[in-house]
There are 2 protein chains.
Amino acid sequence: MNRITSPKNSRVKEWNKLKRKKGRDKAGAFIIEGPHLIEEALKHKAEVTDLIIDKSFRIPSDWHTGNMTTWVATSSVIEELADTETPQGVVAIVQAGSKEMELSSDGSYLLLDGIQDPGNLGAIIRTADSAGADGVILGNGTVDLYNSKVLRSTQGSLFHLPIVKGNLLEWIPRMKEKGIQVFGTSLKGGIPYTLSDRISGYALILGNEANGVHEDLLASSDQNLFVPIYGQAESLNVAVAAGILLYGLKEGK
Amino acid sequence: MNRITSPKNSRVKEWNKLKRKKGRDKAGAFIIEGPHLIEEALKHKAEVTDLIIDKSFRIPSDWHTGNMTTWVATSSVIEELADTETPQGVVAIVQAGSKEMELSSDGSYLLLDGIQDPGNLGAIIRTADSAGADGVILGNGTVDLYNSKVLRSTQGSLFHLPIVKGNLLEWIPRMKEKGIQVFGTSLKGGIPYTLSDRISGYALILGNEANGVHEDLLASSDQNLFVPIYGQAESLNVAVAAGILLYGLKEGK
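The structure displayed is predicted, hence computed values, not measured ones. (Residues numbered from 1 in each chain as written. Chains lettered and ligands numbered in written order. Predicted model: local features only at pLDDT ≥ 70, side-chain atom pairs only at ≥ 80, totals over all residues. Heavy atoms only, no water.)

Looking only at helices and strands, chain A has nine helices and twelve strands in total. Over its C-alpha atoms chain A spans a radius of gyration of 20 Å, differing by no more than 12% from the 18 Å that the globule rule assigns to 253 residues. The C-alpha extent of chain A, read off along each of the three principal axes, is 60 × 35 × 30 Å. A separation of at least 24 residues holds for 75% of the contacts in chain A among residues at least 6 apart in sequence. Here chain A displays about 11800 Å² of accessible surface, and carbon together with sulfur accounts for 45% of that area. Charge-centre separation for chain A: the mean point of 27 positive side chains lies 7 Å from the mean point of 30 negative side chains. (Helix = DSSP H or I, 4+ residues; strand = E, 2+ residues; numbered from the N terminus. Rg over C-alpha atoms; globule rule 2.2 N^0.38 Å. Contact = heavy atoms within 4.5 Å. Areas by Shrake-Rupley, 256 points an atom, 1.4 Å probe, with all protein chains shown as cover. Lys, Arg positive; Asp, Glu negative; His and termini not counted. Charge placed at Lys NZ, Arg CZ, Asp CG, Glu CD.)

Below, the structure written as C-alpha cells:
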C-alpha cells in the first residue's frame, strides 16, 4: 500500500489537473468517484490505473485491483480530488482510451449537437443505455463527457455503450450509406414522432438546450420529428425529449 | 418609482428570507428571477406584489404592473436576492396563494412521492405541462416547489397547471372514486407501460430517486407499470421516466 498524507503531494497535484478539461485532454485520463461508478468502470473493463481510498474504505472482494496502484490517502486528499461533498471514501483515475464505433444497419444511435448542461448530457447517456442504443456521438459544442457532473449523471452508463466525439455533418452520410435512417428533431418543422416511418436502424439528432439542432443538420436528415406539446410549455427538457423519442421509436415498431 | 440602494435595506432583508423554505412558508411568498419567468407569472395571473429592477432594465410594455410596487435597485441588491449569477436585471416577489385542484374523470394527474432533486421536480412539472396533464400533487418528502432551482427548471410551467401539496394515500382513493385509474411505477413489479389497460383518466405515481414509490402507495394503485430497460442501465432518471410514461399513456390510446 502506498500512502499519501498531503493534498500538496506532487501526484495529487497532477491528478488535480484532471478536474479541468484541459488537464484531462492532455493526460487522456479522468477522475471518477464513489464505489458505484468505480464498480461499473471495473466491471466493463475501463482502464483504471489508480485507486485512491480513505483508510476506512474496504475494497470489495470482487474488485480486481491487480492492474492498478492502490493509494491510501487522508480524507483531505480525497476531498481535494472529488467534486461531491461525499465521495464515500474512494476516487479512481481512469484512462480515457480511444473508442471506436462501428455502425450496424439495424442499430440505434444518438447524435448530440451542442448539449451544454452536464446533467442533461449524463441523463441522455443513461437514457440511451436504458433504451438499448448502440452508440452516442458527441458533436461540436457538447460539454465534455468526463466533466464530473456528466459522469455522475450517467450513473455508470458511459461504460456500457460506445461514446465518441465527432463531426455530425460527417457522420450523417456514413449513417445513410449504411441504410440507417437519420431523424432530426425540431419544434418548427417535421412530423410528430408517432408518425415517423422508421423501418429498422435509426439515428436521432438532439440539439442544444436553447437553440435546438443546427439547420445544416436538419437539412441533411431523412426526416425531422417533434414531440407534440399539449399544454402551455414551450418545449421539453432535452433529456426528457430523448427518452420520449427513443422509447417512442423503439416501442412504435 | 421607489429606490433601494443597499442590500442592508430592511425590505431587502425581509425578501432575503424568502430564499429559504422556512421564510417562504411563513410569508406565503417566493422569489422568481429573470424576465421569462416573470412574464409567465404575469400572463397566468400569479399575484406578483413587487418587481425589483436594475436601473438599466426596461419593463416590457405588455407587463401589467398596476397592482405591484416597482423598485429600482442597485445590481448588488438584485444579486443578493437572486440565485443565479445572471438574474438579467429583474426579480419579483410572488404570493404563493392557495391552490385548489378539482378532479375530472378524464383528466391526467401526477402524484410525486418524495422527489428530492430540484432539477428533477422542475423538469417533471415542465413535462407534465407539455403532456397536457391536469395537475400535480406533491407528496411528502418532495422538495419545495418554490426552491429557486425548481422554479427555474419548470421554465414557467408551474404557472400553467394546478400544483398542490398533499398526502398521496388520501388522494388515491379520491382519484379512484372519480373513476380515475391510478398507476404506480416500480422496477420490481407490474407490467410494461405499453401494456397498460388505460381507459380514460389516469394518475401516475412517480417515486423518490433512490427508493422509488413507497410500498403502501404501490399497494393501493390499480396497476403498477415499469419502463423496460433494454441496455445495462439500472434505471432511468425520474424526469425522463415521467416523459416516457406520460407520452406513452397519452399516445397509446
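Before going further, it helps to examine unusual backbone geometry. For Gln155 of chain A, which is not glycine, the phi dihedral falls at a positive 55°. With respect to the helices and strands, Gln155 of chain A occurs in the loop between helix H6 (148-154) and strand S8 (163-165).

Residue and element names in this part refer to chain B. In total, this model carries ten aromatic pairs over all chains according to the counting rule given. On the numbers, 4.1 Å between centres and 20° between planes, the contact of Phe30 with Tyr146 is stacked. Residue Phe30 is located in strand S2 (residues 29-33), and its partner Tyr146 is located in the loop between strand S7 (135-138) and helix H6 (148-154); the two are separated by 116 residues in the primary sequence. What makes Phe30 buried here is its relative accessible area of 2%. Looking at Tyr146, the relative accessible area reads 16%, which means it is buried. (Phe/Tyr/Trp six-rings, centres within 6.5 Å; stacked < 30°, edge-to-face > 60°. Buried < 20%, exposed > 50% of the residue type's maximum accessible area, 1.4 Å probe, protein only.)

Here the focus is the sheet that holds strand S2 (residues 29-33) of chain A. Residues and elements named next belong to chain A. Pairing in this open sheet of five strands is mixed, and the strands run S1-S4-S3-S5-S2 from one edge to the other. Two strands close off the open sheet at either side, each with one partner strand: strand S1 (2-4) and S2. Neighbour to neighbour, the strand axes of the sheet diverge by 25° on average, direction disregarded. Note: S2 against strand S5 (residues 90-95), five bridges, orientation antiparallel. Paired with Ile31 across the two strands is Ile93, which belongs to S5. (Pairing = 2+ DSSP bridges. Axes fitted to C-alpha atoms, helices over the stretch in contact; angles between N-to-C directions.)

All names here are of chain B. Two elements in contact, helix H5 (residues 118-130) and helix H9 (residues 238-252), have axes whose closest approach is 8 Å; the angle formed by their N-to-C orientations is 15°. As the angle between them shows, H5 and H9 are arranged roughly parallel. You can see that H5 and H9 cross each other, and the crossing is right-handed. Here H5 contributes Asn120, Ala123, Ile124, Thr127, Ala128 and Ser130 to the contact with H9, which in turn contributes Val238, Ala239, Ala242, Gly243, Leu246 and Tyr247. Taken together, the residues that form the contact of H5 with H9 break down as eight nonpolar, four polar and no charged. (Parallel < 35°, antiparallel > 145°, perpendicular 65-115°, else oblique. Left-handed = near helix turned anticlockwise from the far one by under 90°. Nonpolar A, V, L, I, M, F, W, Y, C, P; charged D, E, K, R; others polar.)

One finds Ile32, Leu110 and Leu112 of chain A together with Ile32, Leu110 and Leu112 of chain B to be the most contacted residues of the largest nonpolar core, which totals 112 residues. Those residues in contact with Leu110 of chain A that lie beyond four places of it in its chain are Ile124, Ala128, Gly135, Val136, Ile137, Leu204, Leu206 and Leu246 of chain A. (Core = buried A, V, L, I, M, F, W, Y, C linked by side-chain atoms within 4.5 Å.)

On to the pairing of S7 of chain B, then. All names here are of chain B. Burial along S7 is two-sided: Gly135 and Ile137 facing one way and Val136 and Leu138 facing the other are all buried. In terms of handedness, the path from strand S6 (residues 108-113) via H5 over to S7 forms a crossover that is right-handed. Bridge count for S7 against strand S8 (residues 163-165) is three bridges, and the pairing is parallel. Bridged to Val136 within S8 is Ile163. (Right-handed = clockwise from strand over helix to strand, strands pointing away.)

Before going further, it helps to examine the environment of Ala133 of chain A. Residue and element names in this part refer to chain A. Within the fold, Ala133 resides in the loop between helix H5 (118-130) and strand S7 (135-138). It is 9.5 Å that separates the C-alpha atoms of Ala133 and Pro162, two residues lying 29 residues apart in sequence. In contact with Ala133, not counting residues within four places along its chain, are Ser108, Ala128 and Leu161.

So, about the sheet that holds strand S12 (residues 223-226) of chain B. Residues and elements named next belong to chain B. Across the sheet, seven strands lie side by side as S8-S7-S6-S11-S9-S12-S10; this open sheet has parallel pairing. Strands at the two margins of the open sheet, each flanked by one partner only, are S8 and strand S10 (191-192). Looking at chain direction, strand S9 (residues 181-185) and strand S11 (residues 202-207) are connected through three bridges and run parallel. Bridge pairing in S11 links Val182 to Ala203. Across the sheet, helix H7 (residues 168-177) lies against S6, S7, S8, S9 and S11, angled at about 160° from S6, the strand it touches most. This element, H9, spans S6, S9, S11 and S12 of the sheet and lies at about 165° to S11.

Close contact between helix H9 (residues 238-252) of chain A and H9 of chain B brings their axes to 8 Å; oriented N to C, the two are set at 45°. With respect to H9 of chain B, the element H9 of chain A is oriented oblique. Of the two elements, H9 of chain A crosses H9 of chain B, and the hand of that crossing is right-handed. For the pair H9 of chain A and H9 of chain B, the contacting residues are Ala239, Val240, Gly243, Ile244 and Tyr247 of chain A in the first and Ala239, Val240, Gly243, Ile244 and Tyr247 of chain B in the second. Counted by class, the contact of H9 of chain A with H9 of chain B contains eight nonpolar, two polar and no charged residues.

Interfaces are frequently sized by the accessible area removed from exposure as the parts join. All names here are of chain A. Examined at the domain level, chain A breaks down into domain 1 (2-95) and domain 2 (108-252). For domain 1 versus domain 2, the separation of C-alpha centres amounts to 31 Å. In this assembly, 14 residues from domain 1 lie in contact with twelve residues from domain 2. Surface buried jointly by domain 1 and domain 2 totals about 1100 Å² across both partners, of which 64% is contributed by carbon and sulfur atoms. The three residues of domain 1 that bury the most area against domain 2 are Arg24, Phe30 and Leu37, which together make up 39% of that side's buried surface. The interface formed by domain 1 and domain 2 holds two salt bridges in total. When residues of the side of domain 1 that touches domain 2 are traced back to their parent elements, those giving at least two are helix H2 (21-27), S2 and helix H3 (35-43). In terms of residue count, the dominant contributor to the side of domain 1 that touches domain 2 is H3 (four residues). The residue makeup of the side of domain 1 that touches domain 2, split by class, is six nonpolar, three polar and five charged. (Domains from an automatic or database assignment. Buried area = accessible area lost by both parts, 1.4 Å probe. Salt bridge = Lys/Arg side-chain N within 4 Å of Asp/Glu carboxyl O.)

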